[in-house]
Amino acid sequence: MVAQPLPPPNIYLPPATTVMLRLSHIATAISAVLVSLPAAHAVDGESAPRFETHVRSIMKTHCWQCHGEEEQPEGQLDLRLVRFMEKGGESGAAVISGKPDESLLYQRLRDGEMPPDSSKLLSAEELKVIRDWIAAGAETVRPEPEAVDAASFITDEERAHWSFQPIVRPALPQVANGQAVVNPIDAFLLAGLEERGFSFSPRAAPHTLIRRLYLDLHGLPPTPEAVASFAEENNADTWLKLVNQLLTSERYGERWARHWLDVAGYADSEGYNDVDAERPHAWRFRDYVIRSFNADKPFDRFIREQLAGDEMVTSKQNNLSAADAELLAATGFLRMAPDGTGGAVPDANVARNDTIADTIKIVSSSLMGMTVGCAQCHDHRYDPISQADYYRFRAIFEPAFDWEKWRNPSQRRISLYTDDNRAEAARVEAEAKKIDAERSKKQSEFIGATFETQLAKLPAEIHEPARAAHKVDAKKRTSEQTALFKKHPNLNVTSGSLYLYDKKAADQLKKMADDATKVRAKKPKEEFVRALNEVAGRVPVTKLFFRGDHDQPKQELTPAGLTVISETAELNDIPADVTDIATTGRRMALARRLTSATHPLTARVIVNRIWLHHFGRGLVTSPTDFGTLGQAPSHPKLLDWLAAELIDSGWSLKHLHRLILTSNAWQQQLRNSDDQDVADPDNELYGGARLLRLDAEVLRDSMLTVAGKLNDKAFGPSVPVMADRVGRFVIGKENLNAGRPGAKIDMKGEEFRRSIYIQVRRSRPLSVLDTFDRPVMAPNCDMRRPSTGSTQSLLMMNSDLLLDYSRHLAARLAIDAGDDVVQQIQLSWRLVYSRPPEHSELDAATAFLAEQTAIFAEQAAYKPNEKKPPARTAALEAVALMCQMLLSSNEFLYVD
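On a predicted model such as this, the values are computed, not experimentally measured, just so you know.

Conventions used here
Residues numbered from 1 in each chain as written. Predicted model: local features only at pLDDT ≥ 70, side-chain atom pairs only at ≥ 80, totals over all residues. Heavy atoms only, no water. Disulfide = S-S within 2.5 Å. Buried < 20%, exposed > 50% of the residue type's maximum accessible area, 1.4 Å probe, protein only. Helix = DSSP H or I, 4+ residues; strand = E, 2+ residues; numbered from the N terminus. Expected span 1.5 Å × (residues − 1). Arc of directions from axis to C-beta. Polar contact = N/O pair within 3.5 Å; in protein donor to acceptor, adjacent residues only side chain to side chain. Axes fitted to C-alpha atoms, helices over the stretch in contact; angles between N-to-C directions. Parallel < 35°, antiparallel > 145°, perpendicular 65-115°, else oblique. Left-handed = near helix turned anticlockwise from the far one by under 90°. Contact = heavy atoms within 4.5 Å. Core = buried A, V, L, I, M, F, W, Y, C linked by side-chain atoms within 4.5 Å.

Draft legend 1. Region of the structure containing the state of the cysteines. Scanning the entire structure with this criterion turns up zero disulfides. Free cysteine C63: the closest other cysteine sulfur is in C66, separated by 8.8 Å. Residue C63 is classed as buried on the basis of its relative accessible area of 8%. For the unlinked cysteine C377, the closest cysteine sulfur is that of C374, found at 9.8 Å.

Have a look at this one:
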């Protein structure tokens, strides 16, 4: 396509306020690293710093690994209690009350001698806290325990952290403008706005709302007909009906499953190293997630199935029912972590334990919103999670993974062959064997007749010896018989040489063999599921690994949940083993614990993630970290109300969707208030909608939809990805010739399927999705972070993919709108933007098409030719160029 230079697409650049927001985020992160230290501390009086509230977290972060957690503290100095500091170690007292400059602890920290790692030195503010605390008398909040043990590891201050508190449904706040409240969500948000003197923004325009809704729930744009219908009847009843309609569509599950697959770390390859072996059966977990979302499976059951679906199976493993096969597929959640144990790795034991560690990270971050993995090598530096806690949590999964009796990926797969499959396979095999028997009989007849024909050409005296030798297997013939056939090679008539003597007979035998092969092809194909299960009767022991090193095992530990949660919530213990089922039951016990109404984390974590995907920002902006370093909720009462509502609704996500989508808060237009921009630059108060960039998959799927090429086939094996001739990863079947791509294989429309069905290879990210920030699972994705870069503009301007999509859209316009240029322009706007063009846009587009058509018409490739007509007319190519500009524009790339 050659024409005047295409103006660069209007890729969105963040306004100054957004840059300010990013600076605000950086400042917030720095504050978190400082462990939420107060800005200043008085040296005397009630506000003087205390060990538990101000100093302990600094010691824990920087000092305890050497001076507390070891069996023998460095220099005999233990910094976990104040009296230990005052007693001191080999160098004397570390803290002298009221005298910071004479205290060895402060001196060593101030002079940068400790910690020994120069990259982990205390900040100026942290040093000030230590100095002020010593100067104020090195006080504690309460009397210290007699000894440092598990009971005293967690302080009251740590137990009081917001995310460890019980979920209690709060009362609805009172608001001045009650008419703006449609449901409780509005009440909580409006109360915060009114406190600052603000209110909600007006409701968005109908075409904006319906486009936002479709992209939110389906990840696809609405049809022009749907937009027009909604615009005619834009009211609350119609809106609720539309929301319900979209929630009952299978497209909903395909969109929202993608969100869960991100946090689950879904991939169609093993990762871990450069080999990145394929996972041919991982797609069953993806399909399970889609079906679960479409069915509105209660989320508590969804969690139980993923953690312990194998413990819920009732049929025999060699004859699984469809329902039980689905339960096993659910445990694919625990098989998504990178796993290199199926091939060569430098250290097999390290690889095994890495897979377990990554699985624990996926489970704890997705369901608990906690960075449990930080306690693998030492006590968690910020949250009340001990290293023993980590290994007790790991013990829950140990029987299934069992690193000392490891099963590699191929050994863990479970056959889905049933008794009916085996019976059908036996029936088909019997049918094929009949053909084999007939063929064998014919072959013997053909070989015998051909042998006699050849024998007749030889002297009569050798006929009988030759016949006797021919009946004997070639390997068992006597030396005389072997010599006879060597002298007369034409007598070597076998199944392999028959074609040399009687081609017609050989062809008949080949056809019969082909017939048998075709019959055998009717056998049910043996399929497998990627699952996690336990080996019955084996319960491995879990030991704490000193500094996370499996070669340095310490004490044995029994399975348990996090201690801080057990102390703050009424939850059942996790048994080491149960007798009523074949497995230990540990993972099912964990699942029940996590989905208990008294568990403080799970429901909060899930509703926050749902909120994040609807609004582009979570009530907690660190969705996988509800700990000390994570962000506190902007609206804690709303978070708790939503969590309680999720539980009381029977863990229905669709109920939560309806609440959010029918609220005034979600239906607002983009905020347009200078006062709010200044007072609330990050829109934490939700005084208007947030401008959001389309996710990579939504962008590709939307282009396919408007171009009329989307293949809506659901489920099944992933569509493969390959490297093209220039090294880009594209959709296609590998066809290598001497290591280089060979002829292109027809994908038969599979290349136009939704992005969720495209293979996710860790080492082969699909180029168009990679450019627009589809995450690489390492091991999972906590939250997508859209970027704005030049490669995105270049892709939209120059890639073959965009040219193809643009031409498909142009062809659709030519069919649906005919040759009328005005009709083509109007339809293109309705398809791409979900609105008609304004008069100025219509005039500009009309002039642009006329100009470009004239330019293309002068080029040889578009001139009429009797011998070889042009593939596309100048007019159609001009429309394609316009379509490319529309697809590259901000209005298409963003949703407002």
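Still more ground to cover, so stick around.
Draft legend 2. Focus on the environment of D800. The topology assignment puts D800 in helix α34 (residues 800-817). Residue classification places D800 among the partly exposed positions, given a relative accessible area of 46%. Sequence spacing of D800 and P836 is 36 residues, and the spatial spacing of their C-alpha atoms is 28 Å.

Draft legend 3. Molecular detail of helix α36 (residues 839-857). Relative to the 27 Å expected for 19 residues at 1.5 Å per residue, α36 spans 27 Å between its end C-alpha atoms, a close match to the ideal helical length. For α36, the full list of buried residues reads L842, A845, F848, L849, Q852 and F856. Along the axis of α36, the buried residues cluster in a sector spanning 130 degrees; they form a single face. The exposed residues of α36 that point more than 90 degrees off its buried face are H839 and D843.

Draft legend 4. Just helix α12 (residues 250-264), in detail. Under the 1.5 Å per step criterion, the end-to-end length of α12 is 21 Å for 15 residues, consistent within 8% with the ideal 21 Å. Counting buried residues in α12 gives 14 out of 15 residues, a clear majority hidden from the surface. Two or three places before R251, at the opening of α12, S249 has a side-chain oxygen 3.1 Å from that residue's backbone nitrogen. Two residues or fewer past α12, G265 is found with a positive phi of approximately 75 degrees.

Draft legend 5. Summary view of the packing of helix α2 (residues 51-62) against helix α5 (residues 124-135). At a minimum axis separation of 10 Å, α2 and α5 run at an interaxial angle of 130 degrees. With respect to each other, α2 and α5 are oriented oblique. Relative to α5, α2 is oriented so that their crossing is left-handed. Contact with α2, carried on its side by F51, H54, V55, I58, M59 and H62, involves E126, V129, I130 and W133 of α5 and no other residues of that element.

Draft legend 6. Highlighting the nonpolar core. Among the nonpolar cores identified, the biggest contains 127 residues, and W260, F285, L307, F333, F397 and W611 are the most heavily contacted of them. In terms of residue count, helix α28 (residues 636-648) provides more of this core than any other element does, eight residues in total. Discounting chain neighbours no more than four positions away, the residues touching L307 are F333, L334, V363, L367, F397, R587, L590, A591 and L594. Residues L215, V768, A880 and V895 belong to the second largest nonpolar core, which totals 52 residues.

So, to be careful, I would describe these as geometric facts and stop short of saying anything about function.
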